[in-house]
Amino acid sequence: MDHLPPRLLFQVLGPLQLTVDGRCVPLRGTRLQTTLGLLLSQPNKAVSDSHLIDGLWPENPPPSAAANLRAYIRSLRQLLGDPQRVARMSRGYLLRAEPHEIDVLHFAELTAQSDHFIEQGDIRRAADLLRQALDKWSGPAYSGLHASGPLRTEAAVLEEQRFRSAHRWVELEIKLGHHAEMIPILLQLIEDFPLREKLRAQLMEALYRADRQAEALEVYRETRALFIESLGIEPGQELRELEQLVLRGGSLAEAEPAEPVVTSPPRNIVPADTADFTGRDKEVALLSEWLTGSPGGTPPIVVVSARGGAGKTTLAVHMANRLRNRFPDGQIYVHLRGAETTHRTMPEVALASMLRALGVPDTRIPENHDERGGMLRAILSDRRVLLIIDDAGDESQVMPLIPGMGGCAMLVTSRRRLTAIPGARLLELEPFTEDQALRFLRHMVGSNRMDADSKASLALTRLCGRHPLALRIAGARLAARPHWSLARMVSRLTDEHRRFDELVHGELDVRANLMVSYRALQPRARLLLMLLGALDAVDLEEWVAVTLLDSSFLEAEDLLDQLVDSHLVNTATTPSGRVRYSLHDLIRIFARERAQQELAPDDLREALQRAFGALLTVTEHAHTLLAGRDHLVVHSNAPRWEVGPEVLDDIVTDPVAWCETELTNISAAVQQTAALGLDELCWDIAVTAAPLLEVRRHLDEWQHMHEIALATVRAAGNPRGEAVILTELGELSLGLHDHRRAVDFLEDAARILTGLQDRHAHALAQLKLAALDRLGGRLDMALRRAQDSVTVLNDLGDLGNQALALRQIGQIHTQLGEHCRAREHFERALSAAEQAGASRLVQQINYRLGELDVECERPQASVPRFEAVLDFCRSIGDRVGMAYAFYGLGRAQAAMGRLQESGQTLALALTHAEDTNERIVEAEIHQYLGKLAHARGRAAEAAGQFHIAGVIFRELGVVPRKDDAFP
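Computed from a predicted model, the values in this text were never measured in an experiment. (Residues numbered from 1 in each chain as written. Predicted model: local features only at pLDDT ≥ 70, side-chain atom pairs only at ≥ 80, totals over all residues. Heavy atoms only, no water.)

### Things to note about the overall build of the chain
So, point 1. The secondary structure content of the chain amounts to 43 helices and 14 strands.
So, point 2. Computed over the C-alpha atoms, the radius of gyration of the chain is 33 Å, within 12% of the 30 Å expected from 2.2 N^0.38 for a compact globule of 967 residues.
So, point 3. For the chain, the C-alpha atoms occupy an extent of roughly 100 × 90 × 70 Å along the three principal directions.
So, point 4. Long-range pairs, those at least 24 residues apart, make up 66% of the contacts in the chain between residues at least 6 apart in sequence.
So, point 5. Carbon and sulfur atoms make up 50% of the accessible area of the chain, which totals about 43,400 Å².
So, point 6. Positive and negative charge centroids in the chain, built from 108 and 132 side chains respectively, lie 3 Å apart. (Helix = DSSP H or I, 4+ residues; strand = E, 2+ residues; numbered from the N terminus. Rg over C-alpha atoms; globule rule 2.2 N^0.38 Å. Contact = heavy atoms within 4.5 Å. Areas by Shrake-Rupley, 256 points an atom, 1.4 Å probe, with all protein chains shown as cover. Lys, Arg positive; Asp, Glu negative; His and termini not counted. Charge placed at Lys NZ, Arg CZ, Asp CG, Glu CD.)

Shown next, in the form of structure tokens:
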């Protein structure tokens with residue numbers, strides 16, 4: 001088994017503490033603590049040397065400050081036991097950490113989850129999460145390190161967050177009727193925050209609800225005396241009204257506080273208005289009327305459509321600035337890039353951008369785009385915000401962004417008529433009228449020149465077709481050449497063959513501007529630019545350039561530098577310090593156009609095939625690091641591009657993180673290989689990436705890629721590729737609990753593979769069918785299929801899949817109650833998985849062994865197994881695996897009589913299962929909670945849990961295991 005990195009825990013919500021593998025590690029010296037604190041204050045971000053030095057030495061840093069800083073960093077790396085944790089970035093350092101490893105990030109995660117449950121109306125769950133969040137605190141944040149200015153500021157920010165969370169928690173607990181329990185807590189909070197009026201109001205309310213009227217009034221008198229003495233002011237209106245209510249014995253319903261909502265400052269995130277905007281008076285008036293009216297409470301939606309260059313964006317931006325006062329809560333601009341279909345802004349990305357603009361921190365933005373849309377609608381429900389949605393490609397880009405009820409409005413621009421948006425009004429932007437065109441030109445070139453030759457002025461507007469972009473270019477050229485007459489410009493535009501050559505001014509002629517830079521490049525740099533443009537990749541690393549060019553790394557790096565220096569390629573440095581290269585959309589289009597015109601089709605196809613072959617090689621390496629040798633998939637005969645082992649290890653240090661970074665490019669590669677008819681590469685890239693996608697539940701991408709690959713192999717008459725893709729679609733359907741579709745896919749695959757006499761692929765299809773049989777309660781059939789698969793896989797020497805088959809047999813014997821046979825097969829599976837280097841499968845088998853230990857009344861033996869599984873799943877972000885690990889651990893704790901601890905652990909398991917839609921483990925958890933309740937004589941609670949479990953099992957068509965059977 002691979003050596004796992006140390007388990008780290010950083011605590012800053014109190015005195016700074018570092019825990020390594022469960023052991024508290026002393027941090028000797030204030031400056032070493034301050035160095036770690038400064039890095040933790042910005043986790044996963046580069047902290048500059050200057051910021052660190054300023055924080056370490058607020059006044060007069062010594063001459064050796066930089067050297068001392070490096071020494072502190074070396075000490076930290078040694079203490080952490082993982083040199084990769086603190087990475088050197090450009091002029092700074094970055095500390096890598098997961099949210100669960102830093103208490104302040106976990107605090108933020110729990111408060112975000114609480115906000116979600118408040119929105120859902122689940123106050124009890126929200127309050128429990130806030131209590132868990134507040135339990136993370138053990139004192140003032142960064143206690144003892146406040147001599148450092150940055151940490152003092154950060155501590156003040158965190159204290160404010162703590163206060164807000166405490167205030168909200170108390171508010172929720174009082175709503176739940178726990179006012180008496182809140183009194184001592186409020187007294188302690190008031191000691192911590194003596195001048196916070198909201199806490200004192202809550203204490204008065206809690207005392208009054210507890211029939212302690214005199215004490216509530218005493219709180220008011222003490223508060224008034226304190227405020228007058230300390231601040232020279234009377235208490236605020238809320239406290240004064242509360243005192244009067246208590247004096248007259250009124251109902252607290254009169255002073256019921258409003259439901260807490262997420263707030264953010266007004267934002268005006270739109271480009272600047274065009275200084276010489278003119279014309280469009282009719283359109284401006286119409287848009288003003290449409291956007292500021294809200295019939296029936298629904299948000300007005302207006303779609304402005306026209307050809308490119310007609311001034312859609314200019315008009316939309318002008319409207320946003322013009323209507324600023326009508327939308328006092330802000331204007332938000334989102335560019336969807338719909339005209340460039342390959343690189344459109346996806347709705348989920350646009351939603352995230354809009355939520356950030358409204359002040360939602362990244363930690364609170366949901367992963368699911370439906371949830372993002374729901375959050376956006378919730379935040380905008382009581383606001384007046386104008387949304388500018390620019391360059392929409394179709395209705396599907398716009399629909400998820402539409403606000404719900406309230407005073408918002410949406411203005412959409414598009415090159416297409418978007419007629420399927422419910423309730424939208426359409427405005428087709430026509431070319432300027434003659435009068436509008438003349439006024440527009442007058443703004444640009446001046447009245448004197450226009451009046452000197454009115455005939456030429458009219459001719460110029462006609463020759464430009466009264467098209468705004470053409471008029472702007474002509475006007476800009478005239479403004480730049482005051483010695484030109486309008487007649488001279490008209491003369492130059494009269495020749496239709498030269499008209500577009502003349503309609504050029506600076507950056508407004510994109511093609512010519514790019515051509516200048518392009519022609520200045522060396523031939524090999526031109527070639528690289530063309531190939532980069534031809535490849536459908538959002539961004540890439542230099543190894544991709546190596547494969548496209550069939551060159552050395554040194555040459556590719558030099559050529560990329562030339563392109564970067566020419567502003568034809570952009571660069572960005574990732575948090576891990578890797579450089580990624582990308583093309584601006586316009587440059588990509590230009591480069592692709594040059595490639596189509598200058599390169600022979602066969603040469604272009606060969607270069608792209610090399611890049612896809614290299615991507616397959618790297619994806620296989622990432623797959624192997626995660627799943628072991630050839631585990632789970634069958635490969636094609638597609639040509640690979642050889643990548644050396646050292647380079648592979650450099651490219652992929654963390655297989656799951658690598659897949660996250662390259663996900664869009666992998667999907668684009670499947671689509672582009674399909675378009676090029678490279679069917680073997682297409683299906684192999686898809687199936688090799690599948691296990692990587694499954695870890696972080698990228699199931700939509702999995703399905704999308706495999707459906708494209710399936711159509712491609714069928715069109716190419718490739719039965720083996722078709723069968724392998726069908727097998728993977730069966731695996732996906734199994735994971736989605738769509739067992740009927742899974743059976744259809746897998747039986748079709750098995751039929752094809754039988755005809756092809758492909759024993760390896762057929763054995764894998766049979767193994768997945770065995771899993772379906774087991775879930776359906778057909779245990780004898782499942783056992784026969786799995787045993788047949790083991791025999792074939794053993795003959796072929798496929799250790800990874802052999803381990804998978806042996807695990808399946810162990811699960812079948814477990815369901816049959818044959819524990820000795822189950823243990824034998826699990827241990828054989830574990831040995832095979834370890835030999836194959838299948839680290840994830842090792843932990844999955846460990847889970848099953850732990851489960852077996854619990855069922856054999858050996859719960860103490862199971863705990864280390866479940867904890868190891870949990871640590872591994874956390875390290876790779878596998879939330880489904882974490883749900884199972886928590887479930888197993890909760891069962892073990894219950895079996896050892898630790899019922900309260902078990903309840904908390906099972907609640908975590910249920911949260912992870914629900915969040916990841918892992919229905920089977922969700923049902924098993926409810927079933928087990930029912931058994932616990934039944935054993936403790938809580939019949940009603942047990943019946944409720946059994947009912948939920950039964951509904952889920954029936955929906956899935958799954959037969960519960962014997963140990964999960966209903967009593």
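Let us keep going from here.
### A closer look at empty space enclosed by the protein
One simple way to see leftover space: roll a probe sized like a water molecule over the atoms.
So, point 1. For the structure shown, the criterion picks out four cavities of 30 Å³ or more.
So, point 2. Each pocket or cavity is described by its volume, and for the second largest cavity that value is around 140 Å³.
So, point 3. Along its surface, the second largest cavity is lined by 13 residues, and Leu-535, Ala-537, Val-544, Leu-615 and Asn-665 are the ones closest to its centre.
So, point 4. Elements with a minimum of two residues in the lining of the second largest cavity: helix H24 (542-549), helix H27 (601-627) and helix H29 (655-675).
So, point 5. The class makeup of the residues in the lining of the second largest cavity is nine nonpolar, one polar and three charged. (1 Å grid on protein atoms, 1.4 Å probe; cavity = no way out; pocket = protein on both sides within 12 Å on 5 of 7 lines; lining within 4 Å. Points joined across faces, edges and corners; volume = space filled by probe spheres on them. Nonpolar A, V, L, I, M, F, W, Y, C, P; charged D, E, K, R; others polar.)

### Some thoughts on the packing of helix H23 (residues 523-534) against H24
So, point 1. Where H23 contacts H24, the axes come no closer than 10 Å and their chain directions differ by 110 degrees. Looking at the two axes, H23 sits roughly perpendicular to H24. Contacts between H23 and H24 involve Arg-524, Leu-527, Leu-528, Leu-531 and Leu-532 from the first element and Ala-545, Leu-548 and Leu-549 from the second.
So, point 2. A per-class count over the contact of H23 with H24 returns seven nonpolar, no polar and one charged. (Axes fitted to C-alpha atoms, helices over the stretch in contact; angles between N-to-C directions. Parallel < 35°, antiparallel > 145°, perpendicular 65-115°, else oblique.)

### Brief notes about the sheet that holds strand S1 (residues 8-11)
So, point 1. Across the sheet, which stays open at both edges, the three strands sit in the order S1-S2-S3 with antiparallel pairing between neighbours. Of all the strands in the sheet, just S1 and strand S3 (23-25) have a single pairing partner and so form its edges. Ignoring which end each strand starts from, the neighbouring axes of this sheet average 30 degrees apart.
So, point 2. Of the pairings in the sheet, the one linking strand S2 (residues 17-20) to S3 comprises three bridges and is antiparallel in character. From the neighbouring strand, Thr-19 faces S3, where its bridge partner is Cys-24. (Pairing = 2+ DSSP bridges.)

### Some points on the nonpolar core
In summary, soluble globular proteins display a tendency toward joint burial of nonpolar side chains.
So, point 1. Among the nonpolar cores identified, the biggest contains 116 residues, and Leu-529, Leu-532, Leu-535, Leu-563 and Trp-658 are the most heavily contacted of them.
So, point 2. In contact with Leu-535, other than residues within four places in its own chain, are Leu-540, Val-544, Leu-548, Arg-588, Arg-592, Leu-608, Ala-611, Phe-612 and Gln-672.
So, point 3. With 75 residues, the next largest nonpolar core counts Val-12, Leu-40, Val-86 and Ala-155 among its residues. (Core = buried A, V, L, I, M, F, W, Y, C linked by side-chain atoms within 4.5 Å. Buried < 20%, exposed > 50% of the residue type's maximum accessible area, 1.4 Å probe, protein only.)

### Some thoughts on the pattern of salt bridges
So, point 1. Overall, the coordinates contain 46 salt bridges when judged by the stated rule.
So, point 2. With a shortest N-O distance of 3.4 Å, Arg-865 and Asp-853 are connected by a salt bridge. Residue Arg-865 is found in helix H39 (residues 859-876), and its partner Asp-853 is found in helix H38 (residues 839-855); the two are separated by 12 residues along the sequence. (Salt bridge = Lys/Arg side-chain N within 4 Å of Asp/Glu carboxyl O.)

### Let's talk about the packing of aromatic side chains
So, point 1. Applying the stated criterion across every chain yields a total of six aromatic pairs.
So, point 2. On the basis of an interplanar angle of 80 degrees and a centroid distance of 5.8 Å, the ring pair of Phe-107 and Trp-137 is categorised as edge-to-face. With Phe-107 in helix H4 (residues 103-120) and Trp-137 in the loop between helix H5 (123-134) and helix H6 (149-175), the pair connects residues that are 30 residues apart, well separated along the chain.
So, point 3. For Phe-107, a relative accessible area of 2% gives the class buried.
So, point 4. Owing to a relative accessible area of 11%, Trp-137 belongs among the buried residues under this scheme.
So, point 5. By way of ring pairs, the aromatic residues Tyr-847, Phe-866 and Tyr-884 are connected into one cluster.
So, point 6. The ring of Phe-327 carries the charged tip of Arg-384 above its face, separated from the ring centre by 5.0 Å.
So, point 7. The ring of Trp-484 carries the charged tip of Arg-481 above its face, separated from the ring centre by 5.1 Å. (Phe/Tyr/Trp six-rings, centres within 6.5 Å; stacked < 30°, edge-to-face > 60°. Lys NZ or Arg CZ within 6 Å of the ring centre and 35° of its normal.)

### Regarding the environment of Ile-332
So, point 1. Relative to the elements of secondary structure, Ile-332 occurs in strand S9 (residues 330-335).
So, point 2. Remark: the alpha-carbon pair of Ile-332 and Leu-783, spanning 451 residues in sequence, is separated by 59 Å.

### Thoughts on the environment of Phe-612
So, point 1. As for its placement among the helices and strands, Phe-612 is situated in helix H27.
So, point 2. Not counting residues up to four positions away in its chain, the partners in contact with Phe-612 are Leu-535, Ala-669, Gln-672, Thr-673, Leu-676, Leu-678, Leu-681 and Ile-685.

### Digging into H23
Because each turn of an α-helix spans 3.6 residues, side chains separated by three or four positions in sequence point in the same direction.
So, point 1. Over its 12 residues, H23 extends 17 Å from the first C-alpha to the last, a length consistent with the 16 Å expected when each residue adds 1.5 Å.
So, point 2. Those residues of H23 not exposed but buried are Ala-525, Leu-528, Leu-529, Met-530, Leu-531, Leu-532, Gly-533 and Ala-534. (Expected span 1.5 Å × (residues − 1).)

### So, the sheet that holds strand S5 (residues 86-89)
So, point 1. Pairing is antiparallel across the open sheet formed by three strands, whose spatial order is S4-S6-S5. Both outer strands of the open sheet, strand S4 (46-48) and S5, are each paired with one neighbouring strand and no more. Sheet twist, expressed as the mean angle between neighbouring strand axes with direction ignored, is 30 degrees.
So, point 2. Here four bridges tie S5 to strand S6 (residues 92-95), and the two strands are oriented antiparallel to one another. Residue pairing in the sheet places Arg-88 in a bridge with Tyr-93 of S6.
So, point 3. Sitting on the sheet, helix H2 (residues 49-56) touches S4, S5 and S6, and the angle it makes with S4 is about 65 degrees.

### A few points about the pairing of strand S8 (residues 301-305)
So, point 1. Among the five residues of S8, five are classified as buried, and the element is accordingly described as predominantly covered.
So, point 2. By the alternation rule, side chains of S8 split into Ile-301, Val-303 and Ser-305 and Val-302 and Val-304, which are all buried.
So, point 3. In the sheet, S8 pairs with strand S11 (residues 409-414) via five bridges, with the strands oriented parallel. Among the inter-strand pairings, Ile-301 is bridged to a residue of S11, identified as Met-410.

### Some thoughts on the confidence of the model for the chain
So, point 1. The pLDDT averaged across the chain works out to 84; a share of 91% of its residues lies at or above 70.
So, point 2. When pLDDT is averaged over each helix and strand of the chain, the minimum, 56, is found for helix H22 (residues 510-519) and the maximum, 95, for H24.
So, point 3. Scored below 50 in pLDDT, residues 257-266 shows 16 contacts in the model against residues more than four places distant or in partner chains. (pLDDT = per-residue confidence, 0-100.)

### Quick look at the pairing of S1
So, point 1. Here S1 shows a clear split, with Leu-8 and Phe-10 buried on one side and none of Leu-9 and Gln-11 buried on the other.
So, point 2. Note: S1 against S2, four bridges, orientation antiparallel. Bridge assignment links Gln-11 to a residue of S2, and that residue is Gln-17.
So, point 3. The loop that links S1 with its antiparallel partner S2 comprises five residues; one of these, Gly-14, has a positive phi angle of about 140 degrees.

### Looking at helix H36 (residues 799-815)
So, point 1. In this model H36 runs 24 Å from its N-terminal to its C-terminal C-alpha over 17 residues, within 8% of the 24 Å that 1.5 Å per residue would give.
So, point 2. Burial of H36 is extensive: 16 of the 17 residues sit out of reach of the surface.
So, point 3. Capping the start of H36, Asp-798 holds a side-chain oxygen 3.4 Å from the backbone nitrogen of Gly-800, two or three residues further along. (Polar contact = N/O pair within 3.5 Å; in protein donor to acceptor, adjacent residues only side chain to side chain.)

### As for the side chain of Asp-536
So, point 1. Relative to the helices and strands, Asp-536 resides in the loop between H23 and H24.
So, point 2. A relative accessible area of 18% means that Asp-536 is categorised as buried.
So, point 3. Separated by 2.8 Å, the side chains of Asp-536 and Arg-592 make a polar contact.

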